[in-house]
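Residues per chain are reported as follows:
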Amino acid sequence: MIEALPHAMGHELDKPREACGVVGVLALDSQAPVGNMLYRGLMAVQHRGEDAAGVALENTNGEPGDFVRERGFGTVDKAVEAGGTSLDLRSPNATCGVGHTRWS
């Protein structure tokens, strides 16, 4: 647990100021639809931010450390095309990924 500095207690900076959503997926099965899971997770936290969204998942068709990314402005369904299915087609054996929604 992170404790606030004594001089910051009760100060405006001592309170959360952002309202973004973050989702992560770590699948034990390489056949799991990680892109679709990320999409569904983002839909669940979309109320945390509707200005923009993005996802990145392991690119199993590319170099190690490479990612398949999709991002855009607007709600999750506008920013991540095809409901995550396109991500699963581009990286079918991905086992990890992360997604975010942004509120500004």
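Here the structure is a predicted model, which is why all the values come from computation and not from measurement.

A.B. asks: Would you mind going over the pattern of salt bridges with me for this structure?
C.D. replies: Between side chains of opposite charge, a pair can form when the charged atoms approach closely. Applying the stated criterion across every chain, the model contains one salt bridge. Taking the shortest distance from any N to any O, the salt bridge between Arg90 and Glu70 comes out at 3.2 Å. Residue Arg90 is located in helix α3 (residues 85-90), and its partner Glu70 is located in strand β3 (residues 67-73); the two are separated by 20 residues in the primary sequence. A residue is classified by how much of its surface remains accessible, and Arg90, at 39% relative accessible area, is partly exposed.

A.B. asks: Would you mind showing me how to read the nonpolar core here?
C.D. replies: It is characteristic of soluble globular proteins that their nonpolar side chains tend to be buried jointly. Ranked by size, the top nonpolar core spans 18 residues in total, and within it Val34, Leu38, Leu57 and Val80 carry the most contacts. With four residues, helix α1 (residues 34-44) is the single largest residue contributor to this core. With sequence-adjacent residues up to four places away left out, Leu57 is seen in contact with Val34, Gly35, Leu38, Asp66, Phe67, Val68, Leu87, Ser91, Ala94, Cys96 and Gly97.

A.B. asks: How should α1 be read in this particular structure?
C.D. replies: Each α-helix turn comprises 3.6 residues. Residues three or four places apart therefore point the same way. Considered for burial, the residues of α1 that qualify are Val34, Gly35, Leu38, Tyr39, Gly41 and Leu42. Each buried residue of α1 lies within a common arc of 165° when the element is viewed along its axis, so the set occupies one face. Turned more than 90 degrees away from the buried face of α1, the exposed residues are Arg40 and Ala44. If you follow the buried residues of α1, they end up packed against β1 (21-26), β2 (52-58), α2 (76-79), α3 and β4 (96-102).

A.B. asks: Where do I start with the sheet that holds β3 in this structure?
C.D. replies: Across a sheet, strands are paired by hydrogen bonds formed along the backbone, either parallel or antiparallel in direction. Judged by pairing direction, the sheet is antiparallel, and its four strands sit side by side in the order β1-β4-β2-β3 without closing on themselves. One side of each edge strand has no neighbouring strand; the edge strands of this open sheet are β1 and β3. Averaged over all pairs of adjacent strands, the angle between their axes in this sheet comes to 5°, without regard to strand direction. As paired strands, β1 and β4 are joined by six bridges and run antiparallel to one another. Bridge pairing in β4 places Gly24 opposite Val98. Sitting on the sheet, α1 is in contact with β1, β2 and β4, with an inclination near 25° to β4.

A.B. asks: Can you help me understand the side chain of Asn59 in this one?
C.D. replies: Structurally, Asn59 can be placed in the loop between β2 and β3. Beyond its immediate chain neighbours, meaning those up to four positions away, Asn59 contacts Asp66, Phe67, Val68, Arg90 and Ser91.

A.B. asks: I tried to follow the pairing of β2 on my own but got confused; where do I start?
C.D. replies: Both faces of the sheet carry side chains from a regular strand, because those side chains alternate between them. Counting buried positions over the seven residues of β2 gives six, a clear majority of the element. Taken together, the seven bridges between β2 and β3 define a ladder with antiparallel strand orientation. For Gly54, the partnering residue across the bridge sits in β3 and is Arg71. The pairing of β2 with β4 spans six bridges and is classified as antiparallel. Residue Gly54 lies in a different strand from β4, and its bridge partner there is His100.

Conventions adopted
Residues numbered from 1 in each chain as written. Predicted model: local features only at pLDDT ≥ 70, side-chain atom pairs only at ≥ 80, totals over all residues. Heavy atoms only, no water. Salt bridge = Lys/Arg side-chain N within 4 Å of Asp/Glu carboxyl O. Helix = DSSP H or I, 4+ residues; strand = E, 2+ residues; numbered from the N terminus. Buried < 20%, exposed > 50% of the residue type's maximum accessible area, 1.4 Å probe, protein only. Core = buried A, V, L, I, M, F, W, Y, C linked by side-chain atoms within 4.5 Å. Contact = heavy atoms within 4.5 Å. Arc of directions from axis to C-beta. Pairing = 2+ DSSP bridges. Axes fitted to C-alpha atoms, helices over the stretch in contact; angles between N-to-C directions.

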